[in-house]
Amino acid sequence: MTIIGDDLLDKSASVLRQKQESEDGIEEGLSRDGTQPKEESEPAEATPDLSNLTFQVVNTLREWYVLASDSIANLLEGRLLQQSARDLWLLGRYYELGDTTGEQIIQGQHAQQPLASSWVSGYPPSVLKDFSRLIWCTYRSQYPPIAPSAFTTDSGWGCMLRAGQTLLAQAMQLHYFGRDWDFDWDGTTERDVLRRQQYIDIVKQFFDDYSSSSLFSIHRMASFGKQFEGKDIGQWFGPYGTAAIIRELAQRSDHDISIYTTTDGVVYLADICEPEFKPTLILVATMLGIDRVNPVYYPFIQASLTLPQSAGIAGGRPSSALYFAGFQGDELIYLDPHYTRPAVLQKQNDTYEQADLATYSCSTPRRLALSRLDPCMVFGYYCGTLEALIDLRSRIDLLADDGMTTIMSFDNGNSPGASKIESISRSSSSQSQNTDEGTGGTGLLVKLPPSPGSSDGSNGVIVEGDGEDNNSECDVAGTHSEDEWVTDI
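Calculation rules
- Residues numbered from 1 in each chain as written.
- Predicted model: local features only at pLDDT ≥ 70, side-chain atom pairs only at ≥ 80, totals over all residues.
- Heavy atoms only, no water.
- Helix = DSSP H or I, 4+ residues; strand = E, 2+ residues; numbered from the N terminus.
- Buried < 20%, exposed > 50% of the residue type's maximum accessible area, 1.4 Å probe, protein only.
- Polar contact = N/O pair within 3.5 Å; in protein donor to acceptor, adjacent residues only side chain to side chain.
- Contact = heavy atoms within 4.5 Å.
- Expected span 1.5 Å × (residues − 1).
- Patch = residues over 30% accessible without salt bridge, like charges linked within 9 Å, V, L, I, M, F, W, Y side chains within 5 Å.
- Areas by Shrake-Rupley, 256 points an atom, 1.4 Å probe, with all protein chains shown as cover.
- Salt bridge = Lys/Arg side-chain N within 4 Å of Asp/Glu carboxyl O.
- Phe/Tyr/Trp six-rings, centres within 6.5 Å; stacked < 30°, edge-to-face > 60°.
- Lys NZ or Arg CZ within 6 Å of the ring centre and 35° of its normal.
- Axes fitted to C-alpha atoms, helices over the stretch in contact; angles between N-to-C directions.
- Parallel < 35°, antiparallel > 145°, perpendicular 65-115°, else oblique.
- Left-handed = near helix turned anticlockwise from the far one by under 90°.
- Pairing = 2+ DSSP bridges.
- pLDDT = per-residue confidence, 0-100.
- Nonpolar A, V, L, I, M, F, W, Y, C, P; charged D, E, K, R; others polar.

Visitor: Got a minute to help me understand the overall build of the chain in this structure?
Guide: Within the chain, the secondary structure is distributed over twelve helices and 17 strands. Here the chain, with 489 residues, has 51% of them falling under the buried criterion.

What follows is the structure, encoded as structure tokens:
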């Protein structure tokens, strides 16, 4: 049985797009054979309609491909008849799934009664509601050309940039809303009005144009590709370049979140906390194998998504980027950016209806086995407070102490040759790997956060079985006031 592959689907979309552009490029006033058309000729059908139809066909083909390929892979791996795991994590939140009749949700010491599952997806409504809150960035079409090219869609080449956008969007939601949030789109209360506007403001940052509010548009991200990854517009981007592009765009904007990037896994605390701490998204770009992820990293990938600071992972299959938000058993739960939809247009006074932004949400979780992952990925961790940053360090250290192979470590000092960025982005990308023993700390004092697994309402990290870590390490440090309980890290 022949299965349509990701590259073939992308090539099909590219061919259809080129055909359409060639048809649109015919000189005005001339027919296809170069002769003057008759005056009574009906005008050609609108290009957007043809484009929408084209991408609907490609989207449908991809949907069948994903279902077929995943089913065949599960069959070959002997997973098709296995019972699904009962434990599910979604960005630091734990769900204990029951049978087809219900579930139990556990958060700290709180538990709810079992709820009925959806027979369509197999997930309870609470899981689907939580999943649908994720902002889903996908291929778009019919937007202004990305200068200096003529591209009006990123279908076939922009999937990693979209996965990076999705990761960043979740960090923004954590920053503005926290992990638990909800609002009535049509509500008139002060809270609903504020949350609706904040949600619109977040999504607009990923609109596909050069508007001043579109801080992380595909236009701006693709334009920086040549500088940070040597990629021309229209070429596929990798995780390392995507993280660097996000950092650079953040640096140039007046954003509330700082961006810290590392490519060797070492997080230098002083780079983040001096002269003062700001809410920070840490992006750890890494490669965990050659063709496939080395199995020693499986436990950490899963543990990473149990952390309350997790903003997800931008990774994917080989040659096909995805965004991972959680896991069930040995399968990661993901959002797929490979669905092309028309670009959403700017509206004056932000008069958006919920339906206008519906394509930025997905209610159908997909799963991918750890064994099928591409080894290149970007881990994201959002730390809104200094306590959250130090808590992240303590949790990562705890995983390492338990024998897990981790991908990051922390160092109290500044990175070698670190450059300080005053606005959104404080970046440190070290060229050599350093450990705590080799770099030494600065003796900075920080307030101790609650210990992992404490009964303060935060989610603990559950580690079961043996595991190993990644080849990189990281460190964070902070400031303090004299009246705080502090300790030297």
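Visitor: Got a minute to help me understand the side chain of D350 in this structure?
Guide: Residue position: D350 is located in the loop between β12 (341-342) and β13 (366-369). Residue D350 is classed as buried on the basis of its relative accessible area of 16%. Side-chain polar atoms of D350 contact the side chain of K204, separated by 2.7 Å. If we skip the residues at most four places from it in the chain, D350 touches Q197, I200, D201 and K204.

Visitor: Honestly, helix α11 (residues 386-401) in this entry has me stumped. Any pointers?
Guide: Turn by turn, an α-helix covers 3.6 residues, leaving residues three or four places apart pointing in a common direction. Look at α11: 22 Å from first C-alpha to last across 16 residues, which is about the 22 Å you get at 1.5 Å a residue. Residues of α11 that are buried include every one of L386, A388, L389, I390, D391, L392, R393, R395, I396 and L399, and no others.

Visitor: Explain a nonpolar patch on the surface to me, please; I cannot follow it from the model alone.
Guide: A cluster of nonpolar residues, L53, V57 and L61, forms a patch on the protein surface that exposes about 240 Å² of accessible area. Looking at the element boundaries, L61 is found in helix α2 (residues 47-76). According to the relative accessible area criterion, L61 is partly exposed, its value standing at 35%.

Visitor: Even after reading the chapter, I still don't get the packing of aromatic side chains, so can you show me in this structure?
Guide: Within a pair of aromatic rings, the relevant descriptors are the distance that separates the centres and the angle that separates the planes. Summed over all chains, the structure comprises 14 aromatic pairs. For the pair F324 and Y334, a centre-to-centre distance of 6.3 Å together with 80° between the ring planes defines the contact as edge-to-face. Remark: Y334 occurs in strand β11 (residues 331-335) and F324 occurs in strand β10 (residues 320-328); sequence separation between them is ten residues. Summarising the burial analysis for this pair, F324 and Y334 share the class buried. Here a set of aromatic residues connected by ring pairs shows up, and it is made of F177, W181, F183, W185 and Y199. For the cation-ring pair, R133 lies above W181, with the distance from its terminal atom to the ring centre recorded as 5.7 Å.

Visitor: Before we go on, may I ask you to explain the packing of helix α4 (residues 159-176) against helix α5 (residues 190-204) in this structure?
Guide: For any two helices packed against each other, the geometry comes down to the angle between their axes and how far apart the axes lie. In contact at an axis separation of 10 Å, α4 and α5 are set at 155° when each is read in the N-to-C sense. Between α4 and α5, the angle is such that the two are roughly antiparallel. Once α4 is placed against α5, the crossing between them reads as right-handed. Counting all contacts with α4, which are made through A169, M172, Q173 and Y176, the residues of α5 involved are Q198, Y199 and I202.

Visitor: Teacher, can you tell me more about the pairing of β11 here?
Guide: Each regular strand carries side chains that alternate between the two faces of the sheet. The element β11 is largely enclosed, with a buried count of five among its five residues. Burial along β11 is two-sided: E331, I333 and L335 facing one way and L332 and Y334 facing the other are all buried. Where β10 meets β11, five bridges bridge the pair, whose relative direction is antiparallel. Each residue of the ladder has a partner; that of F327, found in β11, is L332. Where β10 folds back onto β11 in an antiparallel hairpin, the turn is made up of two residues, including G329, whose phi is positive at roughly 65°. Where β11 and β13 come together, four bridges link them in antiparallel fashion. Counterpart to I333 in the pairing with β13 is R367.

Visitor: Whenever I open this one, the environment of M160 confuses me. Can you help?
Guide: For M160, the location among the structural elements is in helix α4. The class for M160 is buried, based on a relative accessible area of 2%. Linking M160 and P337, residues 177 residues apart in sequence, is a C-alpha distance of 8.3 Å. Apart from the residues lying within four places of it in its own chain, the contact partners of M160 are W236, F237, G238, P239, T242, A314, G315 and A321.

Visitor: I would appreciate a short explanation of α4 in the present structure.
Guide: Over its 18 residues, α4 extends 26 Å from the first C-alpha to the last, a length consistent with the 26 Å expected when each residue adds 1.5 Å. Judged by how many residues are buried, α4 sits mostly within the fold: 16 of 18 residues are covered. Remark: G178 follows α4 within two positions and exhibits a positive phi of approximately 85°.

Visitor: Please explain the environment of Q227 as it appears in this structure.
Guide: As for its position among the elements, Q227 is in helix α7 (residues 225-229). Exposure remark for Q227: the relative accessible area of 54% places this residue in the exposed category.

Visitor: Is there a simple way to think about the pattern of salt bridges in this case?
Guide: Two side chains with opposite charge may pair up if their charged atoms get near one another. Per the counting criterion, the structure on display carries 15 salt bridges. R93 is the partner of D180 in a salt bridge, and the nearest nitrogen-oxygen pair spans 1.9 Å. In this pair, D180 sits in the loop between α4 and α5 while R93 sits in strand β2 (residues 93-97), placing the two residues 87 residues apart along the sequence. The exposure class assigned to D180 is exposed, which follows from its relative accessible area of 51%. A relative accessible area of 7% means that R93 is categorised as buried. With its nearest N and O atoms 2.9 Å apart, the salt bridge here joins R162 to D154.

Visitor: What should I look at first to understand the confidence of the model for the chain in this one?
Guide: Interpreting fine coordinate detail is not advised for predicted regions of low pLDDT. Averaged over every residue, the pLDDT of the chain is 76; the share at 70 or more is 65%. Segment residues 419-489 is flagged for pLDDT under 50; beyond a separation of four residues in sequence, or across chains, it makes 223 contacts in the model.

Visitor: Looking at this structure, how should I read the packing of α4 against helix α8 (residues 239-251)?
Guide: Running from amino to carboxyl end, α4 crosses α8 at an angle of 50°, the nearest separation of the two axes being 10 Å. Judged by the angle between their axes, α4 and α8 are oblique. In this structure, α4 crosses over α8, and the sense of that crossing is right-handed. Residues M160, L161, G164 and L168 of α4 form the contact with α8, whose participating residues are P239, T242, I245 and I246. Of the residues that constitute the contact of α4 with α8, the class distribution is six nonpolar, two polar and no charged.

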